[in-house]
Amino acid sequence: MSATADEGIQVSSPDGHATVPAPTLERTHCLELLHGMLRIRRFEERAAELYSLAKIRGFLHLYVGEEAVAVGVMRALMPDDAVVATYREHGQALARGLPPGSLMAEMFGKANGCSRGRGGSMHFFDVSRRFYGGYAIVGGGLPIAVGLALADRMQGRKRVSACFFGDGAVAEGEFHESLNLAALWQVPVLFLCENNLYAMGTPIEQELAQTDIRRRAESYGIAAEAVDGMDVLAVEAAARRAAEDVRSSVAPRFLEFRTYRFRAHSMADPDLYRTKGEIERWKERDPIALFTARLRAAELLTDDDLDRLEAEVAVELDEAVAIAEAGPWEPVEDLTTDVYTPAGA
Amino acid sequence: MAEFVMPALGADMNAGTLLQWLKQPGDVVSRGEIVAVVHTDKADVEVEVFTTGVIEELLVQPGTEVPVGTVLAMIRENGAPAGPAAPPQAAEEPAPPAAAAPTAADAARPHVIISPSARHLAEELGLDPASITGSGPGGRIQRKDVEVAAAARTPRVREPELRAEPAPKPEPVAEPKIAGPPAAAPTPAPTPPTSRPVVPSAADERSAAMRRAIAASMSRSKREIPHFYLGQTIDMSNAIAWLAQENQRRPVTERLLHGVLLVKAVALALREVPELNAVWDGDELVRRDDINVGVAISLRGGGLVAPCIHTTDQLSLDELMHSFRDLVSRARSWSLRSSEMSDPTITVTSLGERGVESVFGVIFPPQVAIVGFGNMVERPWISEGQVLACPVVSASLSADHRVTDGHRASAFLAAVDRLLQEPDEL
Amino acid sequence: MSTVTLTYREAVRAGLRHALATDDRAFIMGEDVGGYGGAFAVSLGLLEEFGPERIRNTPLSESGFVGAGIGAALAGMRPIVEVMTVNFSMLALDQVVNNAATLRYMSGGQMSVPLVVRMATGGGRQLAAQHAHSLEGWYAHVPGIKSLSPATVEDARGMVLAALEDPDPVFIFEHATLYPLEAELDEEPSAVDIAHAIVRRQGSDVTLVTYGGSLGKCLDAAGELAADGIDAEVIDLRTLRPLDLDTILTSLAKTHRIVIVDEGWKTGGLAGEISAQVMERGFDLLDWPVQRVCSAEVPIPYAKHLEDAALPSAEAVVAVVKEMVI
């Protein structure tokens, strides 16, 4: 694989075979991808720190190591597509464009949070960006994504409903019901499985009788592809192909991203079910490090670029924390508002 | 050993329900002391013992209905001094059965089981729940029990429209004028609603029991007693003038109401016409020695009782006033005595404060007469050829024609009139 | 205004047809709603009229299609999901309780879920324990959703339309024994008020509060009691959440005695909730403790005499009232 600074980078699949040629990537584009991943990485690191300072409470599920998936996929979606995510959603929310300040504030529980402080880390919502949560029940978002897509189909809209979930969700009944419905009704859902090999503390081979998850999708008649989730370019390419397919043929598609989380399931997880060795091996495929190396090798990235990106991210993050710190608490008197829609609303 | 029996608390009482023992075995009691509360179909009444001694044994449990005359308790007459009863010597009592052992709480106020709605109704009607028998499970007092208790306090109806016979001497109808001090039965303002939300009383809808009691009494009175009526307008100027002078000399709390003059006059008049101070026992007239004038007292929230003041004719006006005040307060807190309920020989009813000029009441069996006084009003009066404004009150007598006639009845009213002209002799 | 005689099931159908005909966003989704015409024949004929996209047969995936209903509602549709019976609805409870009920609140008011879910409910047809549940109390327990119980033909039709007008999730429980009930209605369907209970029979001695399949039993009981001189007032709750306590208290102020007749199990049920509310706000009106007539604490049995004994009955209501009043 070789490239020049002007040509960008050619993409190939992880096992080295040539794939359908993807669009040539440019420096600007690459820097945006890198920036996107860095934002998430630094945001998550800061969140971990704030959690230990008890600024963020409840459960905190961090995306460190999986950044390439969210960033790559979001590049493939249009603003009027829908996104359904899980409780491990910070990466998707940031990549979708939800302001980091509103996400931080939400995790602080402040009224200027994206969910008015009502949801916290696991329940980000932003209707203006068609970001529909944020679900704490594993598999809980899949039927909703099917419904969003069903509405588009019935109303003749060519939009994608992108649905993120993990390998653990594949065991849940709702996974099967949702894939079956999506295939039966041919609704435009893009199923995105982030297979990080663990359902909380249970490794995949103890979780699924059939660990080749894309085969599960195929068994429902849904075209599926496995993708190296640590390679942001591969993710983007696959996502673009699949999203375009969903949009044009108004049918579901399935992508399985093989990825890994470098941190524990949540801040409360002692992470005793993995070996340090395994984690270190996966860290050698850190998506940010991998991409940075690639870009340097292709001379698309300099140290100055990196410093600048880091500095930009740091500033943005500091601002986000300041927004969260300064945010107001929702008045307790408003506790019972918006359980139901007010009359006339 | 003396017996304490279920007393007759009215001529038509056949049975009573022992509600509550106020004394326990071992307690020293003296004659006249209240030892129990008994429920009749007219009222809950405190009952006194007529023996001095020590309660030996209680034979009837609270909640039990027994015929009049049933032995309720045994009292060991021990020649103890007839002074005020010694306080119960709790330390000396032999270990009583747990059920009978009085505790401080019991002595203070027994826990009454009453439904919330019934409690509210009792409050409205001015009834003490402790005095009501409950017919619900575990003796729980329910609304209907409160209504029955309230009806029992209303043996006669005082409403003018129940007057069956027309007034024999109709007075000229004039606008009622408020003149002179208020009439005999001062009615304090009804208590304001409690802090609980105001509950609409369903007494009107649920007054069947009350009406039955009233209907029965009224019907019986009218059915059996051939009523006739006399009326007299009495010049009260002397009485009022004398009263004003008297009251000037007295502190406010000692002041007399004109009503006591009326009651005293009635009592003294009965000395002159003694056959009206009697009861009819079904076959014959039984004259009474004591003149015990029953005074109709209206209760908050409706209802009427007519307990008597014993030996009314022998009491001074002051004593009469005190007795009257005491009766009113005890009537309203529901602590009248059995003898007060059973001993009236005549009743006086006054509707003066209601503003009506005259009332012709229905006789309370087994009495043979009832005296009615209306509102004191200013009327034109001819005195020595002059027309004057004069305070007058209309006095009426409803009498039993089996035992008296117009001639004797007129003598009575004339005596009342005459007596009221000499108020310092009352 | 011309009238038409309809059965309860025809009335529901009329409501559904009117909804689909007047609102393009409305569609029906559920098991066997299409060619089969619905397990209770409610959607008979609708497939022919509106086509398979809008009369959408689903596989046996309660969680999947209730959740899809939520998603479709979020994206601007007006789905009317039919869960065949409340017995199967438990498979979808996660979507109901964790999503439908929470999304508005949890998003800080950004979205509402205008979803309608209809289910048949109740026992009395010898279908045994797994097909005889009355779980309305569970649904009424959850803030964020509304629960309706049409007991009359008029409500069967009108509540569908009222539910569709509501921007929040509305659950309609149709007691399966009511489907053949017949009545005369105005020909033109219209939404009914879903904020109030209705007094179906005036009375002065005792208040009977009930809903759904037990309304008929309470009216029967009232008839029997009348013969004994006891005048019962019967209130049809109609809406289980939010509860119209005011109508109940107005009645209690008259009668001072109340019996709640609820086909759910007594323990932890809706009748207990109503009893608590009555005690809290109507304490001084009570001349007798609140009584409840509910299903026996058993899985509903198959044999008829056992099932009859397990479910609330007019006889049971009469017996309870007589203890209170006499």
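For the structure itself, look to the data block above.
Attention here is on the structure that accompanies the text. (Residues numbered from 1 in each chain as written. Chains lettered and ligands numbered in written order. Predicted model: local features only at pLDDT ≥ 70, side-chain atom pairs only at ≥ 80, totals over all residues. Heavy atoms only, no water.)

**Looking at the overall build of chain A**
Looking only at helices and strands, one finds twelve helices and nine strands in chain A. In chain A, which comprises 345 residues, the share counted as buried stands at 58%. When contacts within chain A are restricted to residue pairs at least 6 apart in sequence, those whose partners lie at least 24 apart make up 73%. Within the structure as shown, chain A displays about 13,700 Å² of accessible surface, and the carbon and sulfur contribution to it stands at 53%. (Helix = DSSP H or I, 4+ residues; strand = E, 2+ residues; numbered from the N terminus. Buried < 20%, exposed > 50% of the residue type's maximum accessible area, 1.4 Å probe, protein only. Contact = heavy atoms within 4.5 Å. Areas by Shrake-Rupley, 256 points an atom, 1.4 Å probe, with all protein chains shown as cover.)

**Comments concerning the sheet that holds strand E4 (residues 78-85) of chain C**
Backbone-to-backbone hydrogen bonds pair the strands of a sheet. The strands run either parallel or antiparallel. Residue and element names in this part refer to chain C. Read across the sheet, seven strands follow the order E3-E2-E4-E5-E7-E6-E12 without closing on themselves; strand pairing throughout is mixed. The outermost strands of the open sheet, each flanked by one partner alone, are strand E3 (55-57) and strand E12 (239-241). For this sheet, the mean inter-axis angle between neighbouring strands, taken without regard to orientation, is 20°. By the bridge criterion, three bridges tie strand E2 (residues 26-30) to E3 in an arrangement that is parallel. Counterpart to Ile28 in the pairing with E3 is Ile55. (Pairing = 2+ DSSP bridges. Axes fitted to C-alpha atoms, helices over the stretch in contact; angles between N-to-C directions.)

**Concerning the nonpolar core**
Counting 104 residues, the largest nonpolar core has Phe165(A), Phe191(A), Phe254(A) and Leu103(C) as the members making the most contacts within it. Counting residues per element, this core draws most heavily on helix H5 (residues 142-154) of chain A, which supplies nine residues. Residue contacts for Phe191(A): discarding those within four places in its chain leaves Leu142(A), Val146(A), Cys163(A), Phe165(A), Ser178(A), Leu179(A), Ala182(A), Ile222(A), Pro252(A), Arg253(A), Phe254(A) and Leu255(A). Membership of the second largest hydrophobic core comes to 66 residues, among which are Leu34(A), Met37(A), Ala298(A) and Leu317(A). (Core = buried A, V, L, I, M, F, W, Y, C linked by side-chain atoms within 4.5 Å.)

**Comments concerning the environment of Pro366(B)**
Note that Pro366(B) resides in the loop between strand E16 (346-350) and strand E17 (369-373). For the pair Pro366(B) and Ser342(B), spaced 24 residues apart in sequence, the C-alpha to C-alpha distance is 9.8 Å.

**Side note on the pairing of E2(C)**
Residue and element names in this part refer to chain C. When you tally the buried positions in E2, you get five out of five residues, the bulk of the element. Side chains Ala26, Ile28 and Gly30 project from E2 onto one buried face, and the interleaved Phe27 and Met29 project onto a second face that is buried too. The pairing of E2 with E4 spans five bridges and is classified as parallel. Looking at the pairing, Phe27 lines up with Pro79 of E4.

**Here we look at the environment of Ala82(A)**
Residues and elements named next belong to chain A. Relative to the elements of secondary structure, Ala82 occurs in strand E1 (residues 82-84). Looking at Ala82, the relative accessible area reads 1%, which means it is buried. Considered as a pair, Ala82 and Arg130 are 48 residues apart in the sequence and their alpha carbons are 4.9 Å apart. Apart from the residues lying within four places of it in its own chain, the contact partners of Ala82 are Arg130, Tyr132, Leu148, Val160, Ser161 and Ala162.

**What to know about helix H11 (residues 287-297) of chain A**
Residue and element names in this part refer to chain A. Residues of H11 that are buried: Pro287, Ile288, Phe291, Thr292 and Leu295. The buried residues of H11 all sit within an arc of 125° when viewed along its axis, so they share a single face. Residues of H11 that are buried make contact with helix H1 (27-52), helix H2 (67-75), helix H9 (232-249) and helix H12 (303-326). Structurally, the start of H11 carries an N-cap: the backbone nitrogen of Ile288 is 2.9 Å from a side-chain oxygen of Asp286. Immediately downstream of H11, the backbone of Glu299 shows phi near 55°, a positive value. (Arc of directions from axis to C-beta. Polar contact = N/O pair within 3.5 Å; in protein donor to acceptor, adjacent residues only side chain to side chain.)

**Some words on the packing of helix H1 (residues 8-22) of chain C against helix H8 (residues 153-165) of chain C**
Residue and element names in this part refer to chain C. In contact at an axis separation of 7 Å, H1 and H8 are set at 25° when each is read in the N-to-C sense. When the interaxial angle is binned, H1 and H8 end up roughly parallel. As H1 packs across H8, the resulting crossing turns out to be right-handed. Every residue of H8 that contacts H1 at Tyr8, Ala11, Val12, Ala14, Gly15, Leu16, His18 and Ala19 is listed here: Val153, Ala156, Arg157, Val160, Leu161 and Leu164. Per-class residue counts for the contact of H1 with H8 are eleven nonpolar, two polar and one charged. (Parallel < 35°, antiparallel > 145°, perpendicular 65-115°, else oblique. Left-handed = near helix turned anticlockwise from the far one by under 90°. Nonpolar A, V, L, I, M, F, W, Y, C, P; charged D, E, K, R; others polar.)

**Remarks on the sheet that holds strand E3 (residues 28-29) of chain B**
Spatial ordering of the open sheet is given by E1-E8-E6-E3 (chain B), a layout of four strands whose pairing is antiparallel. Each end of this open sheet is capped by a strand with a single partner; those strands are strand E1 (2-5) and E3 of chain B.

**Quick look at a negative patch on the surface**
Residue and element names in this part refer to chain C. A surface patch of like charges, here negative, comprises Glu154, Glu184, Asp186, Glu187 and Glu188. Positionally, Glu154 belongs in helix H8. Since its relative accessible area comes to 47%, Glu154 is described here as partly exposed. (Patch = residues over 30% accessible without salt bridge, like charges linked within 9 Å, V, L, I, M, F, W, Y side chains within 5 Å. Salt bridge = Lys/Arg side-chain N within 4 Å of Asp/Glu carboxyl O. Lys, Arg positive; Asp, Glu negative; His and termini not counted. Charge placed at Lys NZ, Arg CZ, Asp CG, Glu CD.)

**A closer look at the packing of helix H9 (residues 215-227) of chain C against helix H13 (residues 314-325) of chain C**
Residues and elements named next belong to chain C. H13 packs onto H9 with a crossing angle of 50° between their chain directions and a minimal axis gap of 8 Å. Our classification of the angle between H9 and H13 gives oblique. Crossing geometry of H9 relative to H13 is assigned as right-handed. Across the interface between the two elements, Lys217, Asp220, Ala221, Glu224 and Leu225 of H9 pack against Ala314, Glu315, Val317, Val318, Val321 and Lys322 of H13. Partitioned by chemical class, the residues of the contact of H9 with H13 number six nonpolar, no polar and five charged.

**Some words on the interface of chain C and chain A**
On the chain A side, the residues contacting the 45 residues of chain C number 38 residues. Both sides together, the interface formed by chain C and chain A hides about 3,300 Å², and carbon and sulfur atoms give 61% of it. Per-residue buried area on chain C facing chain A is highest for Tyr105(C), Met106(C) and Gln110(C); these three make up 21% of the total on that side. Counting every contact that joins chain C to chain A gives two salt bridges. Put simply, Glu53(C) and Arg153(A) hold a salt bridge, and the shortest N to O gap is 3.7 Å. (Buried area = accessible area lost by both parts, 1.4 Å probe.)

**Focus: unusual backbone geometry**
With omega at 5°, the peptide bond leading from Pro365(B) into Pro366(B) counts as cis. The step from Arg241(C) to Pro242(C) runs through a cis peptide bond, and the omega angle for that step is 5°. Mapped onto the elements, Pro242(C) comes out in the loop between E12 and helix H10 (245-255). For Val250(A), which is not glycine, the phi torsion reads 50° and is therefore positive. If you trace the backbone, Val250(A) turns up in the loop between H9 and strand E9 (253-258).

**Quick look at the pattern of salt bridges**
Following the criterion strictly, the structure yields 59 salt bridges over all chains and no others. Between Arg379(B) and Glu357(B) there is a salt bridge whose closest N-O contact spans 2.1 Å. Of this pair, Arg379(B) sits in strand E18 (residues 377-383) while Glu357(B) is found in the loop between E16 and E17, placing the two residues 22 residues apart along the sequence. Like Glu357(B), Arg379(B) is buried. Arg118(C) is the salt-bridge partner of Glu174(C), the closest N and O atoms lying 2.7 Å from each other. Placement of the pair is Glu174(C) in strand E7 (residues 170-175) and Arg118(C) in strand E5 (residues 116-121), with a sequence separation of 56 residues. By relative accessible area, which is 1% here, Glu174(C) ends up buried. Taken together, the salt bridges that share partners define one network made up of Arg116(A), Arg118(A), Glu330(A), Asp338(A) and Arg104(C).

**Observations concerning the packing of aromatic side chains**
Aromatic ring pairs are defined here through the distance separating the ring centres and the angle between the ring planes. The final tally for this structure, using the stated rule, is 16 aromatic pairs over all chains. Residues Tyr198(A) and Tyr260(A) carry aromatic rings whose centres are separated by 6.4 Å and whose planes lie at 80° to one another, so their mutual orientation is edge-to-face. Remark: Tyr260(A) occurs in the loop between E9 and helix H10 (276-283) and Tyr198(A) occurs in strand E6 (residues 198-199); sequence separation between them is 62 residues. A single burial state applies to Tyr198(A) and to Tyr260(A), both of which are buried. Within the aromatic cluster, the residues linked to one another by ring pairs are Tyr198(A), Tyr260(A), Phe262(A), Tyr273(A) and Trp282(A). Lying across the ring of Trp329(A), Lys110(A) places its NZ or CZ 4.9 Å from the centre. Here the guanidinium or amino end of Arg56(C) rests over the ring plane of Trp185(A), the centre of that ring lying 4.8 Å away. (Phe/Tyr/Trp six-rings, centres within 6.5 Å; stacked < 30°, edge-to-face > 60°. Lys NZ or Arg CZ within 6 Å of the ring centre and 35° of its normal.)

**A few points about the side chain of Gln277(C)**
Here Gln277(C) shows up in helix H11 (residues 270-282). What Gln277(C) contacts, discounting residues up to four positions off in sequence, is Leu243(C), Leu245(C) and Gly282(C).

**Considerations on the pairing of E7(C)**
Residues and elements named next belong to chain C. Where burial is concerned, most of E7 is hidden: six out of the six residues are buried. Here E7 shows a buried face lined by Val170, Ile172 and Glu174 and a second buried face lined by Phe171, Phe173 and His175. As paired strands, E5 and E7 are joined by six bridges and run parallel to one another. Bridge pairing in E7 links Val116 to Val170. Sheet analysis places strand E6 (residues 146-148) next to E7, joined by three bridges and oriented parallel. In the sheet register, Lys146 faces E7, and the bridge partner there is Val170. Between the parallel elements E6 and E7, the chain passes through H8 in a crossover that is right-handed. (Right-handed = clockwise from strand over helix to strand, strands pointing away.)

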